[in-house]
Amino acid sequence: VSVPFLTLLLLFLALFPGAFNCCTKISDEIPKGILLRVERFEIQKADGLCHLEAVILYIEGRKFCVSPRIRRVKKWMKKKKHKILRKKAHGRKQRRNKNIKKKEKKQ
């Protein structure tokens, strides 16, 4: 392997670290039991370096790529996002509301 090729490869890896983390194949089916074991998930958009829309599920250090069009996955993601956003937003709103109420009382 030539030195210029290795140099270009290293440069590419430095500039585009996510290029080799893209899902290249997706499953159109997923057992319900798998979704119960998911530790976290990411949504892969079909733009930039990754040319395939996918949901990446992480289970016990392994990654599974599934179609975002699977009805079961859509429902599961909606439920998970709602729980995550609800917890974060709730804490922020409470703090903001308390600060606003304190300011209103002072004025």
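This text gives an overview of the structure that appears in the document. (Residues numbered from 1 in each chain as written. Predicted model: local features only at pLDDT ≥ 70, side-chain atom pairs only at ≥ 80, totals over all residues. Heavy atoms only, no water.)

1. Focus on the pattern of salt bridges
Right, on to step 1. The full count for this structure, using the stated rule, is three salt bridges.
Right, on to step 2. Ionic pairing is found between Arg-40 and Glu-42, a salt bridge with its closest N-O pair at 2.9 Å.
Right, on to step 3. Across the pair Arg-69 and Glu-53 runs a salt bridge, and its minimum N-O distance is 3.6 Å. Residue Arg-69 is located in the loop between strand E3 (62-66) and helix H3 (71-106), and its partner Glu-53 is located in the loop between strand E1 (40-44) and strand E2 (54-59); the two are separated by 16 residues in the primary sequence.
Right, on to step 4. Using a relative accessible area of 36% as the deciding quantity, one classes Glu-53 as partly exposed. (Salt bridge = Lys/Arg side-chain N within 4 Å of Asp/Glu carboxyl O. Helix = DSSP H or I, 4+ residues; strand = E, 2+ residues; numbered from the N terminus. Buried < 20%, exposed > 50% of the residue type's maximum accessible area, 1.4 Å probe, protein only.)

2. Concerning the state of the cysteines
Right, on to step 1. All told, the structure shown has two disulfides when counted by the stated rule.
Right, on to step 2. There is a disulfide in this structure between Cys-22 and Cys-50, and the S-S distance comes to 1.9 Å. Disulfide Cys-22-Cys-50: torsion about the S-S bond near -70 degrees, hence left-handed. Separated by 28 residues along the polypeptide, Cys-22 in the loop between helix H1 (3-15) and helix H2 (32-36) and Cys-50 in the loop between E1 and E2 bring together distant segments of the chain. Neither Cys-22 nor Cys-50 differs from the other in exposure class; each is buried.
Right, on to step 3. One disulfide in the model links Cys-23 with Cys-65; its S-S distance is 2.0 Å. Taking the sign of the S-S torsion, about -70 degrees here, the bridge from Cys-23 to Cys-65 comes out left-handed. One end of the pair, Cys-23, is in the loop between H1 and H2; the other, Cys-65, is in strand E3, and 42 residues separate them in sequence. Comparing Cys-23 with Cys-65, the two get one shared label, buried.
Right, on to step 4. When the bonded cysteines of the chain are numbered from the N-terminus onward, they pair as 1-3, 2-4. (Disulfide = S-S within 2.5 Å.)

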